[in-house]
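Each chain is listed here by its residues.
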Amino acid sequence: MQTALRRRKSTASLSPTYHPVLQRLFLTRGVSSDDELDLELTHLLPPTLKGINQAAQLLSLAIREKKSILVVGDFDADGATSSALSLLCLRSMGAKHVDFLVPNRFEFGYGLTPEIVTLAAQRKPYLIMTVDNGIASHSGIEKAHSLGIKVLVTDHHLPAETLPQADCIVNPNQPGCFFASKNLAGVGVVFYVMSALRALLRDQNWFSEQGIVTPNLAQFLDIVALGTIADVVPLDANNRRLVQYGLRLMRTGKARPGISALLRQGNKDPLRVQSSDLGFTVGPRLNAAGRLDDMSVGIECLLTDDPLRADALAAQLDALNLERRSIEQAMHEDAKGALEQVQLGQHEQRYCLCLFNPSWHQGVIGILASRLKEKLHCPVAIFAAGNLTYTEGEDVEIKGSVRSISGVHIRDVLANIDVHHPGLILRFGGHAMAAGLTINLSGFEKFTEAFEAELRSTVEPELLSPTLFHDGELPSDCFSLTFAELLRDISPWGQHFPEPLFYGRFVIRKLQLLQHKHLKLTLQVHYQQLAAIAFNVSPELLQRDLQDQAIEVLFRLSVNEFRGQRSLQLMIEHFLS
């Protein structure tokens, strides 16, 4: 499988007040006007989502009449941040009876199922508010209504052809919603619902009647930033504004104690946090709770105002993440063995990979699918036994996580399979790049065949060849600490707004091997000598004599901080020669 190398291109133009390199970076990321680069909150889209006023009315009634509200979330980082944000906002607006419930993925599965509603009913809620789920929970909502419980669905996942009969639905992707950004994470949807609720309560004179200071919901945007980055939703202009303000809170020492504690667990300075730190340091630790245990510990970490309790909960989450990594490594070794048995012919194109192992951990299959997708550059579906008492030969339901590549909308693929093979997929849902599903073990081979056939009939072969996009060469005056800091701080980088990756030709003047797999380098370009580092270098490259050799690489500019000193450092991502 050969990797293509392409430079990002654009034909538009921006204001000359921006450095030419910055103009190039923004234009190739789809920015079409200077307005999209103004990341102040005053430019946030107004709360015009379909159903949002009705949602505010439901919540206002519950608060004013002191009725019980139960938040039911998902068991990932978006679900955890959505749950925590809901409770913090509702409590700040005077809600007296509000609590949360997160389904244990191993007992109840995903979403507002009838079983989780039965459990929720023991708390006698007036209103269930789903966050980051609910758009596919038809039977669960029917169960809630049969018990006299109202249901408000807040979600961002793509709906099926029919919507559940909830009392109200707020989802930018539901039919008839003309909200301009379809990319909100679940936590972003909650933020907008809470903003509409605050406006309604203010108009009703609720805050003045109760002697409550009208809450500034912007104080919670660190939680919104975390959930948005961790859920890997596209960073359109609206999401970048939410994330940028959240990062600003953290950098000024105003982060939630739990977020600061999780950053410190990953050896990151909360005052110098980047969006990548949320995605690669905080998100995995938060997700580990939902993958291996109970996401309640993650939500409590975000909710607490006590720094000491936050530190203790963050340490617990860090330990779970270490356990998750160990499980993942073992599963990856199993997968490598399975791959050796399904190798293709020399000229055969792989369109997908489906693997099942009864011993694999259900909470980690999504990560394994992501790892294999990156390696093979094709959609990957990984299945585990959903029934923890599974025995060989038993036809049980098995849970699957699917990860896709750019250009292949994986939820649509599953929907087409569901149409062509009714009953094969018991449940499914998700996004363009990631989805989850449940099938019977007896249907695994049939699903594998259907998955392959659907992809072969709809996917162009060139999509299955990886492409490395880069941002061209840097002028010599941009190899500076000042420019690296400008790149770092000018915008949050993330999904569909990737951190700049540059092409460069250098000569290696010094190199040092670290831990038998990393390289610390001194590179020369023109008359400059630059510090660089490359992690997890291939054994083939390490065997070469690189001293004084010319190389071509793709790299990022980074700021290295050591013993209080900051300096420019190149992070080499790919060796091209």
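A brief report on the enclosed structure follows. None of the values given here were measured: they were computed from a predicted structure.

Okay, the nonpolar core next. Judged by nonpolar contacts, the single largest core of 170 residues is most densely connected at Leu 59, Met 194, Phe 447, Phe 451, Phe 506, Leu 557 and Leu 570. The dominant element in this core, judged by the number of residues it contributes, is helix α6 (residues 186–203), at 11 residues. Residues contacting Phe 451, with those up to four places away along its chain left out, are Cys 352, Cys 354, Pro 379, Ala 381, Val 402, Ile 410, Val 413 and Ile 417. Ranked by size, the runner-up nonpolar core spans 16 residues in total, among them Ile 135, Ile 141, Val 153 and Ala 166.

Interaxial distance between helix α12 (residues 296–303) and helix α13 (residues 307–340) falls to 9 Å at its minimum, and their mutual angle equals 150°. Taken together, the axis directions place α12 and α13 in an arrangement best described as roughly antiparallel. The handedness of the crossing between α12 and α13 comes out as left-handed. For the pair formed by α12 and α13, the contact residues are Val 297, Gly 298, Glu 300 and Cys 301 on the first element and Arg 309, Ala 310, Leu 313, Ala 314, Gln 316 and Leu 317 on the second. The residue makeup of the contact of α12 with α13, split by class, is six nonpolar, two polar and two charged.

Before going further, it helps to spend a moment on the pairing of strand β16 (residues 550–562). Two strands pair when backbone bridges link them, and strand β13 (residues 502–514) and β16 are joined in this way by six bridges, in the antiparallel orientation. Among the inter-strand pairings, Tyr 503 is bridged to a residue of β16, identified as Leu 554. Looking at chain direction, β16 and strand β17 (residues 565–575) are connected through 10 bridges and run antiparallel. By the bridge assignment for β17, Phe 555 is matched with Ile 572.

Calculation notes
- Residues numbered from 1 in each chain as written.
- Predicted model: local features only at pLDDT ≥ 70, side-chain atom pairs only at ≥ 80, totals over all residues.
- Heavy atoms only, no water.
- Core = buried A, V, L, I, M, F, W, Y, C linked by side-chain atoms within 4.5 Å.
- Buried < 20%, exposed > 50% of the residue type's maximum accessible area, 1.4 Å probe, protein only.
- Helix = DSSP H or I, 4+ residues; strand = E, 2+ residues; numbered from the N terminus.
- Contact = heavy atoms within 4.5 Å.
- Axes fitted to C-alpha atoms, helices over the stretch in contact; angles between N-to-C directions.
- Parallel < 35°, antiparallel > 145°, perpendicular 65-115°, else oblique.
- Left-handed = near helix turned anticlockwise from the far one by under 90°.
- Nonpolar A, V, L, I, M, F, W, Y, C, P; charged D, E, K, R; others polar.
- Pairing = 2+ DSSP bridges.

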